[in-house]
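For reference, the chains in residue letters:
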Amino acid sequence: RLVLIFSSNKLNWQENIDPRINSFLKMNELFFKSYDAFDLKKIISIRIKKALDSKMIKPGVLEKIAAVSSRNHGDARKAVELLSRSAHLAEKKGTQITVSLVDQALEEIEKDKYVTMIKNSPKQHQAALFSILSASAKSKKPMRTGEAYGVYQAFCNQLKMRALTQRAFSDLVSELDMYGFIQARVKSHGRYGRTKEIEVNLPKSLADKLKQVVLMEFDLNPV
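Conventions used here
- Residues numbered from 1 in each chain as written.
- Predicted model: local features only at pLDDT ≥ 70, side-chain atom pairs only at ≥ 80, totals over all residues.
- Heavy atoms only, no water.
- Helix = DSSP H or I, 4+ residues; strand = E, 2+ residues; numbered from the N terminus.
- Buried < 20%, exposed > 50% of the residue type's maximum accessible area, 1.4 Å probe, protein only.
- Core = buried A, V, L, I, M, F, W, Y, C linked by side-chain atoms within 4.5 Å.
- Contact = heavy atoms within 4.5 Å.
- Phe/Tyr/Trp six-rings, centres within 6.5 Å; stacked < 30°, edge-to-face > 60°.
- Lys NZ or Arg CZ within 6 Å of the ring centre and 35° of its normal.
- Axes fitted to C-alpha atoms, helices over the stretch in contact; angles between N-to-C directions.
- Parallel < 35°, antiparallel > 145°, perpendicular 65-115°, else oblique.
- Left-handed = near helix turned anticlockwise from the far one by under 90°.
- Nonpolar A, V, L, I, M, F, W, Y, C, P; charged D, E, K, R; others polar.
- Salt bridge = Lys/Arg side-chain N within 4 Å of Asp/Glu carboxyl O.
- Expected span 1.5 Å × (residues − 1).
- Arc of directions from axis to C-beta.
- Patch = residues over 30% accessible without salt bridge, like charges linked within 9 Å, V, L, I, M, F, W, Y side chains within 5 Å.
- Areas by Shrake-Rupley, 256 points an atom, 1.4 Å probe, with all protein chains shown as cover.
- Lys, Arg positive; Asp, Glu negative; His and termini not counted.
- Polar contact = N/O pair within 3.5 Å; in protein donor to acceptor, adjacent residues only side chain to side chain.

Draft legend 1. Inspection of the overall build of the protein at higher detail. Summing up its helical and strand segments, the protein has nine helices and three strands in all. Secondary structure elements in the protein, listed N-terminal to C-terminal, are α-α-α-α-α-α-β-α-α-β-β-α. Projected onto the principal axes, the alpha-carbon positions of the protein cover approximately 70 × 60 × 40 Å. Taking all 223 residues of the protein together, 35% fall into the buried category.

Quick look at the structure:
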């Protein structure tokens, strides 16, 4: 009797199997839950024993990483990445790994995620985000789509790139909202109709970093 065990994160993995083999297999699928804080704590403890000096870990660090990781994603690899980034920061500073360094490492990982995403985005998304971030920095109030579109048109003219229509730009705003770069909400103004208002809630350091990245993507000098 032959037993085959397949393991995959893709739900449609079975579609890649030859139909003749697929019909022969008697599938019994098992779905595993994400790791909880207790599981992640055990996994991280093993990594610490193998790669780090336990004396360099301040109390509460292990629990902090396990709790944050289980709440955000339940991914053991990302939990280990957070531990590794925290250890790297501690090494640079010549200190033990503390809870505050874990917070700092988490912030850096979040920044890296946003930077990587915008680097791999189409040029129109990059131009739209840069325009919104630039306009937002000059005003503390939420801006309307029309205001952001004016800045976007000016930036496209600077780049000698064709600007999309305002309707298409509004779709870009919705996509940037979906990715978490901005917040776009439709507000009713009574008899004056409805309009989309845009807010940027990213930390200033991250917003500035994203603007620099976009400028470099367009071969412009960072501000």
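Here the narrative resumes.
Draft legend 2. Highlighting the nonpolar core. Formed by 35 residues in total, the largest nonpolar core has its most connected members in Leu129, Ile132, Phe169, Phe181, Ile182 and Leu210. Among the secondary structure elements, those contributing two or more residues to this core are helix 5 (99-119), helix 6 (123-137), helix 7 (145-159), helix 8 (166-179) and helix 9 (204-217). Counting residues per element, this core draws most heavily on helix 6, which supplies seven residues. Discounting chain neighbours no more than four positions away, the residues touching Leu129 are Ile118, Leu176, Phe181, Ile182 and Leu210.

Draft legend 3. Focus on the packing of aromatic side chains. For the structure shown, the criterion picks out six aromatic pairs. One aromatic cluster is present, built from ring pairs that chain together Phe130, Phe155 and Phe218. Seen from the ring of Tyr114, Lys113 lies directly overhead, with NZ or CZ sitting 5.7 Å from the centre. Its end group placed over the ring of Phe218, Lys123 keeps NZ or CZ at 5.0 Å from the ring centre.

Draft legend 4. Quick peek at the packing of helix 3 (residues 61-72) against helix 5. The N-to-C vectors of helix 3 and helix 5 enclose an angle of 30 degrees; their axes lie 9 Å apart at closest approach. Here helix 3 lies roughly parallel to helix 5, going by the angle between them. Of the two elements, helix 3 crosses helix 5, and the hand of that crossing is right-handed. Residues Val61, Lys64, Ile65 and Val68 of helix 3 form the contact with helix 5, whose own contacting residues are Val99, Val102, Asp103 and Leu106. Residue classes in the contact of helix 3 with helix 5 are distributed as six nonpolar, no polar and two charged.

Draft legend 5. Spatial organisation of the pattern of salt bridges. Under the counting rule described, the total for this entry stands at ten salt bridges. The salt bridge partner of Asp177 is Arg185, with a shortest N-O separation of 3.4 Å. With relative accessibility at 22%, the residue Asp177 sits in the partly exposed group. Put simply, Arg85, Glu108 and Asp112 are held in one network by salt bridges that share partners.

Draft legend 6. Focus on the environment of Glu197. Of note, Glu197 is situated in strand 3 (residues 194-199). The exposure class assigned to Glu197 is buried, which follows from its relative accessible area of 16%. Here the alpha-carbon distance between Glu197 and Arg77, two residues 120 residues apart in the chain, equals 37 Å.

Draft legend 7. Main features of helix 8. Spanning 14 residues, helix 8 covers 20 Å between terminal C-alpha atoms, matching the ideal 20 Å at 1.5 Å per step. Those residues of helix 8 that sit buried are Phe169, Ser170, Leu172, Val173 and Leu176. The arc that holds the buried residues of helix 8, viewed along the axis, is 155 degrees, so those residues lie on one side. Turned more than 90 degrees off the buried face of helix 8, the exposed positions are Arg167 and Met178. Gly180 sits one or two residues past helix 8 and shows a positive phi near 95 degrees.

Draft legend 8. The side chain of Thr145, seen in detail. Looking at where Thr145 falls in the secondary structure, it is placed in helix 7. Residue Thr145 is classed as buried on the basis of its relative accessible area of 7%.

Draft legend 9. Spotlight on a nonpolar patch on the surface. On the surface, a nonpolar cluster with roughly 430 Å² of combined accessible area is contributed by Leu2, Leu4, Phe6 and Met27. Considering the arrangement of structural elements, one finds Leu2 in the segment before helix 1 (19-24).

Draft legend 10. Structural view of the side chain of Lys196. Within the secondary structure, Lys196 sits in strand 3. The buried charged residue Lys196 lacks any salt bridge, with Asp171 as its nearest oppositely charged partner at 6.0 Å. In terms of polar contacts, Lys196 uses its side chain to reach the side chain of Ser170, at 3.1 Å.

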